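# Overview (structure and organization)
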Amino acid sequence: MLKWTHKSPWILLKIFLLGALNSFTIWAVPILISNGSYVFAGYFIFATVVIDYVFLSKKRVAGKYIIPGVLLLIAFTIYPALFTGYIAFTNYSTGHILNKETAIEVLISNSYQSAADDSAYPARVATDNLTGEYVFIVQRPTGEITVARKESSATLPRSDVTLAEDGTIDSAIGFKLLSEDEIFAVSDVLSELSLQAGNDEFFKLVDIGIVERLIKTLEYDAEKDIITNTQTGEIYRPNDRGSMVSDSGEELEPGWQSTVGLYNFQRVIEDERYRAPMVQVLTWTFIFAFLVVLTTFFAGFLLALTLNHPKLKAKRIYRSILIVPYAMPGVLSMLTWRGMYNEDNGIINRIIGSELPWLSDPTLAKAAVLITQLWAGTPYMFLICTGAIQALSSEVIEAAQVDGASPSKIFWKIKLPLVLYSLTPLLIASYAYNFSNFNAIFLLTGGGPQIIESGGIAGHTDILISYTYRLAFTAGKGNDYGLASAVSFLNFAIIAIISVYGFRKSKSVENM
Amino acid sequence: MTTIEQVIVKEKRMTTSRWLRVLGWRHLVAIFSISFALFPLVWMASASFDQLGLVSAQKLIPDNIGLDNYRKIFNNPEAPYFIWYRNAVVISLANALLQMAIGACASYALSRFRFQGRKVTLLTILVVQMFPQLLSVTALFVLLAEINQSIPTLSFGSPLALIIIFAGGALGVNAWILKGFFDTIPTEIDESAKVDGASHAQIFFKIILPLALPALAVIVLLSFIGTMNEFVLTSVIMGVTGDPNDLTLAVGLQRFIDGQYDQQWGPFAAGALLAAIPVMLLFLFLQKYVVSGLTAGATKG
């Protein structure tokens, strides 16, 4: 018999949560499949099955604790990271978003142009008495009368139509002609209409009583995989970077998504527009991260030493206030600093009585970034240095004092090396963190001032990650996700090398 | 009498000069550092009370002190400050708790159980924490665009989507810090509980978690601050809908000063000052845990 015990509420909760998860999956998977998202549908099923198995099994104890986190990790960190790696090898960018089939459809349907000189014909707008749909009743130069509808076109027998004295159509059997006022009333709808003219051509209303004949200028030959311009005879062939290109080098927009091999990496290395700023950005990234760690560490270390005196009663209060910058929301403090650096009326220029262009001069902007990071980063270093100094064995220092070592010798030969030794892993982590400290740059200077030669894509204070962001989302020519991912890839490689070095130093891998 | 008085005075003088040499300069350094640390905050406060509000604060104590800037941010339907505040706090709090829960569970498994794939998981966590989610913002954007076709409620503009995405990063630094802390709790404690017939869940909830409370507090605090500060993912995921009600404080307030010509520093300063309050309070409240939590990594490895 089932008995109610203290465990029962938990079992009920478990059944409820598993039930909710399973119902959600059963609901979501068919929708995902119908939209062609097979990877996601597959992952949903996989995750649900794994969770069901682990939580209903009596044995998989460790799994119960770790599986939910691991599944989320795979979905939202590992998969995006791998996907970033994949995008780096594609041409994914503005103008290369669609797949090939859709891109060619768009190209063809965008290619309609008004046919040469004799393309404007007299016509009346009418509604079909049976269906109520709008039609154009068009008088072709040949005297033929065409009824253009959304889906089809037909020739109207001459006898169904009566003409007015000026030669325009006066009435048509089966149709109700619209007056000028009526046309004005629905002009929004009418101006959007392209109605069939037969032979892959269309009529479009350009004025009251006049339509224009639009003809297709591009034609796709699926067998040969080429596009021909029917007007000029120019032939476009697909290149290996997802575009249709003519022999003279003219590219049709839009192109489609395709893999482009190492093209993005090649561009970073070989293309002058990217290489020159890239070298500059990368150099500054290394210098920036190094200087930030160096200055904040020394400021924090000296401050920690200064305040770490047993007789200093106020040190608790001092410490609480000194870590305020660390507790301030970083986004807001970066923006606040931006206001303080303002050239015309910023508080900093007011205090030192100058008109220094803090954010628009390359050198001053770099100084501004470093000063701000000194402010933002010192509290953290102060905290960890305080911890490390308090952990120093006092015996070593006392022994040195007994041996007659001077205070400066104790500082340089004992305290500094010991603290440095114990903090090395954290300093390397801090270096890696600052290497991609996006907020520090993007919110303060926006990467600016611009490097003129880069065409405005890179700035003098841009670090690799802010440069990547600009490539992906704000570059003038549209978003180049492929190139941005390639740069991300490089960024990750550098951070990984630094971090692996750091973990080697801290030996955490061996201890696990 | 006089001699005693003289002695006392003499001793006091000596203490003063000694005090200057030993402690006085320390106070000076501290006060100088504190003024540097608080400088932006003071400026923010001053700018927020400056009625003119056209430019950044002119003087430390502005000529026209008033609450105009606060009124401006409270009554602007295009910049719904309180909704941003609510969004930011809800997302950050939910994320902080989720990070803590996922991190604690995973760390318990990694610290106490020896299972197949443990070493692989640990190595994965090591590598993953080097890879900022920020770097894969493009990929996450594409991922959400695809989900948007099927389940629009779990996509752009959805706080839930943002929270779930952040939760994907829970098994990173946090799990690493927590596992380090769990490792320092002697296994004898759970062994003896096991002998007494305690289940793995009882050991986790009744023994390990209470002992790890300081570390859990640190994770909650750091995740909370981290989410409040997150800018790029939030602005991409919540910003694309174009609905100001979807934004958070960090992304929303940034728009006050984003314009080339229309930089509203006064309202921004007012909003930023109020936005800093919850984080600062939480921080001061949990301060002693933070110091030990941060240095744990250094001393314990």
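Residues numbered from 1 in each chain as written. Chains lettered and ligands numbered in written order. Predicted model: local features only at pLDDT ≥ 70, side-chain atom pairs only at ≥ 80, totals over all residues. Heavy atoms only, no water.

### Brief notes about the overall build of chain A
Filter applied, for reference: Each helix is a run of DSSP H or I of at least 4 residues and each strand a run of E of at least 2, with the numbering of both proceeding from the N terminus. The globule rule used for comparison is 2.2 Å times the number of residues to the exponent 0.38, while the radius of gyration itself is calculated over C-alpha atoms. Buried, partly exposed and exposed residues are distinguished by accessible area as a fraction of the type maximum, computed with a 1.4 Å probe on protein chains only: under 20%, between the cut-offs, and over 50%, respectively. For this analysis, residues touch if any pair of their heavy atoms sits within 4.5 Å.
Across its full length, chain A carries 19 helices and 15 strands. Scaling as 2.2 N^0.38, a compact globule of 512 residues should have a C-alpha radius of gyration of about 24 Å, whereas chain A reaches 35 Å, well beyond that. Expressed as a percentage of the 512 residues in chain A, the buried residues total 50%. Put simply, of all contacts in chain A between residues at least 6 apart along the chain, 58% involve residues at least 24 apart.

### Regarding the overall build of chain B
Note the threshold: All accessibility values rest on the Shrake-Rupley procedure with a 1.4 Å probe; residue burial counts only the protein chains present in the view.
In terms of helices and strands, chain B carries 14 helices and zero strands. When the helices and strands of chain B are listed from N to C terminus, the series reads α-α-α-α-α-α-α-α-α-α-α-α-α-α. For chain B, buried positions account for 51% of its 301 residues. Across chain B, the fraction of contacts at a sequence separation of at least 24, relative to all contacts at a separation of at least 6, is 68%. As presented, chain B carries roughly 14300 Å² of accessible surface, and 66% of it is formed by carbon and sulfur atoms.

### Remarks on the sheet that holds strand S13 (residues 226-229) of chain A
All names here are of chain A. Our working rule: Strands are treated as partners if at least two bridges between them are detected by DSSP. Axis definition: a line fit to C-alpha positions, over the contact stretch in the case of helices; interaxial angles, taken between N-to-C directions, run 0 to 180 degrees.
Read from one edge of the open sheet, four strands run S12-S13-S14-S15, paired in antiparallel fashion. On the outer flanks of this sheet lie strand S12 (218-221) and strand S15 (244-246), each paired with one strand and no other. Shown here is a sheet whose adjacent strand axes are inclined to one another by a mean of 30°, direction ignored. Direction of pairing for strand S14 (residues 235-238) relative to S15: antiparallel, over a ladder of three bridges. Residue pairing in the sheet places Pro238 in a bridge with Met244 of S15. Against the sheet, helix H4 (residues 100-110) touches S12, S13, S14 and S15, its axis set at about 150° to S12.

### Here we look at the interface of chain A and chain B
Stated formally: Buried area is understood as the total, over both parts, of accessible area removed when two parts are fitted together, assessed with a 1.4 Å probe. Salt bridge, as applied in this entry: a Lys or Arg side-chain nitrogen positioned within 4 Å of an Asp or Glu carboxyl oxygen. Lys, Arg, Asp and Glu make up the charged group, whereas Ala, Val, Leu, Ile, Met, Phe, Trp, Tyr, Cys and Pro make up the nonpolar group; the residues left over, Gly among them, are polar.
Chain A puts 96 residues into the contact, and the matching count from chain B is 96 residues. Between chain A and chain B, the buried area comes to about 8600 Å², and carbon and sulfur atoms account for 77% of it. At the boundary of chain A and chain B, one finds zero salt bridges. Top element by residues in the side of chain A that touches chain B is helix H3 (residues 61-87) of chain A. It accounts for 19 residues. Considering only residue class, the side of chain A that touches chain B consists of 68 nonpolar, 24 polar and four charged.

### Considerations on the nonpolar core
Test applied: Each nonpolar core is a collection of buried residues, namely Ala, Val, Leu, Ile, Met, Phe, Trp, Tyr and Cys, held together in the definition by side-chain atoms within 4.5 Å.
Phe288, Phe297, Phe301, Leu423 and Tyr467 of chain A together with Leu249 and Phe268 of chain B are the most contacted members of the largest nonpolar core, which has 196 residues in total. Sequence-distant contacts of Leu249 of chain B, that is, excluding residues within four places in its chain, are made with Tyr81, Trp84, Tyr85, Ala88, Met228, Gln254 and Ala275 of chain B.

### Considerations on the packing of helix H3 (residues 81-112) of chain B against helix H7 (residues 173-183) of chain B
Residue and element names in this part refer to chain B. As a reminder, the rule being used: Here the word oblique covers every angle except those under 35 degrees (roughly parallel), over 145 (roughly antiparallel) and from 65 to 115 (roughly perpendicular). Each crossing gets its handedness from the near helix: less than a right angle anticlockwise from the far helix is left-handed, clockwise is right-handed.
Viewed as axis vectors pointing N to C, H3 and H7 meet at an angle of 50°, and their least axial separation amounts to 8 Å. On the basis of their axis angle, the class for H3 and H7 is oblique. Pair H3 / H7 crosses with right-handed handedness. Residue-level inspection shows Gln99, Met100, Gly103, Ala104, Ser107, Tyr108, Leu110, Ser111 and Arg112 of H3 in contact with H7, the latter providing Asn174, Ala175, Leu178, Lys179, Phe182 and Asp183. When its residues are assigned to classes, the contact of H3 with H7 shows seven nonpolar, five polar and three charged.

### Quick notes on a positive patch on the surface
Selection criterion: Within the patch definition used here, like charges are joined within 9 Å and nonpolar side chains (Val, Leu, Ile, Met, Phe, Trp, Tyr) within 5 Å, considering only residues with over 30% relative accessible area and no salt bridge. The charge count treats Lys and Arg as positive and Asp and Glu as negative. His and the chain ends do not count. For this purpose, a charge sits on NZ of Lys, CZ of Arg, CG of Asp or CD of Glu.
A contiguous patch of positive charge on the surface is contributed by Lys311 and Lys313 of chain A together with Arg18 and Arg21 of chain B. Following the sequence through the fold, Lys313 of chain A ends up in the loop between helix H8 (272-307) and helix H9 (315-322).

### Re the environment of Glu101 of chain A
Residue and element names in this part refer to chain A. The topology assignment puts Glu101 in helix H4. Residue Glu101 is classed as exposed on the basis of its relative accessible area, which comes to 62%. In the structure, Glu101 is positioned 155 residues away from Trp256 in sequence and 8.3 Å away in space, judged by C-alpha atoms.

### Some points on the domain arrangement of chain A
For clarity, the threshold we go by: Residue ranges for the domains trace back to a domain assignment, done automatically or taken from a database.
Its domain assignment divides chain A into domain 1 (11-87), domain 2 (112-216) and domain 3 (271-511). Here the C-alpha centre of domain 3 of chain A lies 69 Å away from the C-alpha centre of domain 2 of chain A.

### Notes on helix H11 (residues 330-340) of chain A
When you tally the buried positions in H11 of chain A, you get eleven out of eleven residues, the bulk of the element. Looking only at H11 of chain A, the buried set comprises Gly330, Val331, Leu332, Ser333, Met334, Leu335, Thr336, Trp337, Arg338, Gly339 and Met340 of chain A.

### Comments concerning helix H15 (residues 407-435) of chain A
Going by this rule: Helix span, as expected, comes to 1.5 Å for every residue beyond the first. We define the bend at any residue as the angle between the axes fitted to the seven residues before and including it, ending there, and the seven starting there.
An ideal rise of 1.5 Å per residue puts 42 Å on 29 residues; H15 of chain A reaches only 35 Å between its terminal C-alpha atoms. Considering bend angle alone, the principal kink of H15 of chain A is centred on Leu423 of chain A and spans about 60°; proline Pro425 of chain A follows within four residues of it.

### Re the packing of helix H1 (residues 8-34) of chain A against helix H2 (residues 38-56) of chain A
Helix-helix packing is described using two parameters, namely the angle between the two axes and the distance between the axes. All names here are of chain A. It is at 9 Å that the axes of H1 and H2 come closest, and there the two elements cross at 160°. Viewed along their axes, H1 and H2 adopt a mutual orientation that is roughly antiparallel. Crossing angle aside, the handedness with which H1 passes H2 is left-handed. Seen from H1, the contacting residues are Lys14, Leu18, Leu21, Asn22, Phe24, Thr25, Val29, Leu32 and Ile33; seen from H2, they are Tyr38, Phe40, Ala41, Phe44, Ile45, Thr48, Ile51, Asp52, Phe55 and Leu56. Looking at the contact of H1 with H2, its residues break down into 14 nonpolar, three polar and two charged.

### Focus: the pattern of salt bridges
All names here are of chain A. Under the criterion given, the structure shown has nine salt bridges over all chains. The partner of Asp225 in a salt bridge is Lys100, and the shortest N-O contact between them spans 2.8 Å. Pair noted here: Asp225 is in the loop between S12 and S13 and Lys100 is in helix H4, with a separation of 125 residues, a long-range link. Residue classification places Lys100 among the partly exposed residues on the basis of a relative accessible area of 27%. A salt bridge links Asp462 to Arg470, with the nearest nitrogen and oxygen atoms 2.6 Å apart. On the accessibility criterion, Arg470 (11% relative accessible area) is buried. Taken together, the shared-partner salt bridges connect Asp128, Glu133 and Arg149 into one network.

### Some thoughts on the packing of aromatic side chains
Applicable threshold: Think of it this way: a Phe, Tyr or Trp ring, Trp meaning its six-membered ring, pairs with another when their centres are within 6.5 Å, and the plane angle makes it stacked under 30 degrees, edge-to-face over 60, tilted otherwise.
A complete count under the given rule lists 41 aromatic pairs over all chains for this structure. On the numbers, 5.5 Å between centres and 80° between planes, the contact of Phe297 of chain A with Phe298 of chain A is edge-to-face. Judged by relative accessible area, which is 4%, Phe297 of chain A ranks as buried. With 6.3 Å between their ring centres and 75° between their planes, Trp84 of chain B and Phe256 of chain B make a pair best called edge-to-face. One end of the pair, Trp84 of chain B, is in helix H3; the other, Phe256 of chain B, is in the loop between helix H12 (249-254) and helix H13 (265-285), with 172 residues separating them in the sequence. Trp84 of chain B gets classed as buried once you look at its relative accessible area, which sits at 2%.

### Observations regarding the environment of Ile451 of chain A
Residue and element names in this part refer to chain A. Within the secondary structure layout, Ile451 lies in the loop between helix H16 (438-442) and helix H17 (464-474). For the pair Ile451 and Pro362, spaced 89 residues apart in the sequence, the C-alpha separation amounts to 8.9 Å. Residue contacts for Ile451: discarding those within four places in its chain leaves Gln280, Gly456, Ala458, Gly459 and His460.

### Considering the pairing of strand S3 (residues 134-139) of chain A
Within a regular strand, the side chains alternate between the two sheet faces. All names here are of chain A. For S3, the tally of buried residues reaches five of six residues, placing the bulk of the element in the interior. When strand S2 (residues 120-128) meets S3, the two strands line up antiparallel, connected through five bridges. Each residue of the ladder has a partner; that of Ala126, found in S3, is Val135. Once S2 ends, the chain turns through five residues before running back antiparallel as S3, passing Gly132 with a positive phi of about 80°. Of the pairings in the sheet, the one linking S3 to strand S4 (residues 145-148) comprises four bridges and is antiparallel in character.

### Describing the confidence of the model for chain B
In low-pLDDT segments, the atomic positions of the prediction should not be examined closely. Residue and element names in this part refer to chain B. Note the following rule: For every residue, the pLDDT score states the predictor's confidence, bounded by 0 at the bottom and 100 at the top.
Across chain B, the average pLDDT comes to 79, with 86% of residues at or above 70. Below a pLDDT of 50 lies the segment residues 7-11, which in the model reaches zero contacts outside its immediate sequence neighbourhood of four places, other chains included. Below a pLDDT of 50 lies the segment residues 297-301, which in the model reaches five contacts outside its immediate sequence neighbourhood of four places, other chains included.

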